[in-house]
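The residues making up each chain are set out below.
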Amino acid sequence: MTVYAFKSKLRDCQTATLVNIDYPSATLTNFVCRCGGIDAVMIDCEQGNPHFQDIEHCTMAARLNGVAAVVRVPSAEPWTIERHMMRDIDGIVVPRLDTAAQAAQAVEDIKYCAPKNFAEKSVIIQIESAQAVEELDGFLAVPDIDCFFLGAVDLAKSMGCGGDYSRPQVVDTLCRALARIRERGKCAGFLVSDRDVAVWRTRGAPMLYTHGHDFLRAGLCAGNESLGS
């Protein structure tokens, strides 16, 4: 597997896995990637605490295992995109977008940072507000976006549901958005856990995103049950 396999899977709407390593450690990144079955790791600069040197080290650790490393930037300002892209990462996740025009500008800013190898970079745009969902067709018309990542928690918050995306009205909105993305032949991403991954795959999300600490928690709980039996 090569680091570009992740982008190819997104483009072809094949099942792809993206794991947020949660803790900015090259050693942990190496361990997670060596476990197998992972297409890409996400270094989270929106909600996490990595330094720029951490980004570079984690990216190198992922690449040593043939795994892509993408960064979620704090916001879509051009200087923010540029500073993170200059760390020679394999792709970028852009959050906090409400309009298709903002998404188009983000794509242009990414291209500016990678004029010679943009075709190798994964571009993931988050759809995470009621306004963005209303303008989804506009987002889907923007070229060169590899995946539309539905941010369920923030979407639920913007809908007045306090981040609870299990509410019927939120689930309905998410399912309709997934169906629309699929109808347009585009790739959708979604946050999953071991409890609901099959559900969201069935609903049409080929890019499956999860947190490393959720797997650690699940493994520790399973281990404790075994030790106690």
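Preceding this paragraph is the structure being described.
The following paragraphs examine the structure supplied in this document. Please read these numbers as outputs of a predicted model, since none were measured by experiment.

1. Here's the deal with the pairing of strand 4 (residues 91–94)
- Judged by which residues are buried, strand 4 turns out to be covered on both faces: Gly 91 and Val 93 on one side and Ile 92 and Val 94 on the other are all buried.
- In this structure, strand 3 (residues 68–72) lies alongside strand 4, joined through 3 bridges in parallel fashion. Its bridge partner lying in strand 4, Val 70 is registered against Gly 91.
- After leaving strand 3, the chain enters helix 4 (residues 78–85) and then returns to the sheet as strand 4, a path that is right-handed.
- The parallel pair strand 4 and strand 5 (residues 122–127), bridged by helix 5 (residues 100–113), forms a crossover whose chirality is right-handed.

2. Notes on the sheet that holds strand 4
- Strand order around the closed barrel formed by 8 strands is 1-2-3-4-5-6-7-8, with parallel pairing between neighbours. Looking at each pair of strands side by side, their axes are set apart by 25° on average, direction ignored.
- By the bridge criterion, 4 bridges tie strand 4 to strand 5 in an arrangement that is parallel. Its bridge partner being in strand 5, Val 94 is matched across the sheet by Ile 125.
- Across the sheet, helix 9 (residues 168–183) is in contact with strand 6 (147–150) and strand 7 (188–191); its angle to strand 6 comes to roughly 175°.

3. Observations regarding the packing of aromatic side chains
- Inspection of the entire model under this criterion finds 3 aromatic pairs.
- Arranged with centres 3.9 Å apart and planes meeting at 25°, the rings of Phe 190 and Trp 200 form a pair that is stacked. Taken as a pair, Phe 190 in strand 7 and Trp 200 in helix 10 (residues 197–202) lie far apart in primary sequence, 10 residues in all.
- Take Phe 190: its relative accessible area is 0%, and that puts it in the buried class.
- What links up through ring pairs into an aromatic cluster is the set Tyr 165, Phe 190 and Trp 200.

4. Let's talk about the packing of helix 4 against helix 5
- Here helix 4 crosses helix 5 at 40°, and the two axes come no closer than 9 Å. Where helix 4 crosses over helix 5, the two elements pack in a sense that is right-handed. The residues of helix 5 that touch helix 4, namely those facing Pro 78, Ile 81, Glu 82 and Met 85, are Ala 106, Asp 109, Ile 110, Tyr 112 and Cys 113.
- Of the residues assigned to the contact of helix 4 with helix 5, the class counts are 7 nonpolar, no polar and 2 charged.

5. Re the environment of Val 197
- Considering the arrangement of structural elements, one finds Val 197 in helix 10.
- You can call Val 197 partly exposed: its relative accessible area is 27%.
- In this structure, the C-alpha to C-alpha distance between Val 197 and Asp 164, residues 33 residues apart in sequence, is 17 Å.
- With residues near it in sequence (within four places) discarded, Val 197 still touches Val 192 and Leu 208.

6. Observations concerning the pairing of strand 6
- Across the two faces of strand 6 the burial is the same, with Cys 147 and Phe 149 and Phe 148 and Leu 150 all buried.
- Both strand 5 and strand 6 contribute to a ladder of 4 bridges, which runs parallel. The residue of strand 6 that forms the bridge with Ile 124 is Cys 147.

7. What about the packing of helix 2 (residues 26–34) against helix 3 (residues 52–64)?
- Between helix 2 and helix 3, whose axes approach to 8 Å, the crossing angle comes to 25°. Regarding the angle of helix 2 to helix 3, the classification is roughly parallel. The handedness of the crossing between helix 2 and helix 3 comes out as right-handed. Residues Ala 26, Thr 29, Asn 30 and Cys 33 of helix 2 form the contact with helix 3, whose own contacting residues are His 57, Cys 58, Ala 61 and Ala 62.
- Its residues assigned to classes, the contact of helix 2 with helix 3 shows 5 nonpolar, 3 polar and no charged.

8. A word on the pattern of salt bridges
- Within this structure, the stated rule accounts for 17 salt bridges.
- The salt bridge involving Asp 39 is made with Lys 9; its shortest N-O contact spans 2.9 Å. With a gap of 30 residues between them, Asp 39 in the loop between helix 2 and strand 2 (40–44) and Lys 9 in helix 1 (residues 5–11) connect regions that are remote in the sequence.
- For the salt bridge of Asp 146 with Arg 11, the shortest nitrogen-to-oxygen distance reads 2.3 Å. Here the residue Asp 146 occupies a position in the loop between helix 7 (136–140) and strand 6, and Arg 11 occupies one in helix 1, the gap between them amounting to 135 residues.
- For Arg 11, a relative accessible area of 43% puts it in the partly exposed group.
- Among the charged side chains, a network of salt bridges with common partners joins Asp 44, Glu 46, Arg 72 and Arg 96.

What counts and how
Residues numbered from 1 in each chain as written. Predicted model: local features only at pLDDT ≥ 70, side-chain atom pairs only at ≥ 80, totals over all residues. Heavy atoms only, no water. Buried < 20%, exposed > 50% of the residue type's maximum accessible area, 1.4 Å probe, protein only. Helix = DSSP H or I, 4+ residues; strand = E, 2+ residues; numbered from the N terminus. Pairing = 2+ DSSP bridges. Right-handed = clockwise from strand over helix to strand, strands pointing away. Axes fitted to C-alpha atoms, helices over the stretch in contact; angles between N-to-C directions. Contact = heavy atoms within 4.5 Å. Phe/Tyr/Trp six-rings, centres within 6.5 Å; stacked < 30°, edge-to-face > 60°. Left-handed = near helix turned anticlockwise from the far one by under 90°. Nonpolar A, V, L, I, M, F, W, Y, C, P; charged D, E, K, R; others polar. Parallel < 35°, antiparallel > 145°, perpendicular 65-115°, else oblique. Salt bridge = Lys/Arg side-chain N within 4 Å of Asp/Glu carboxyl O.

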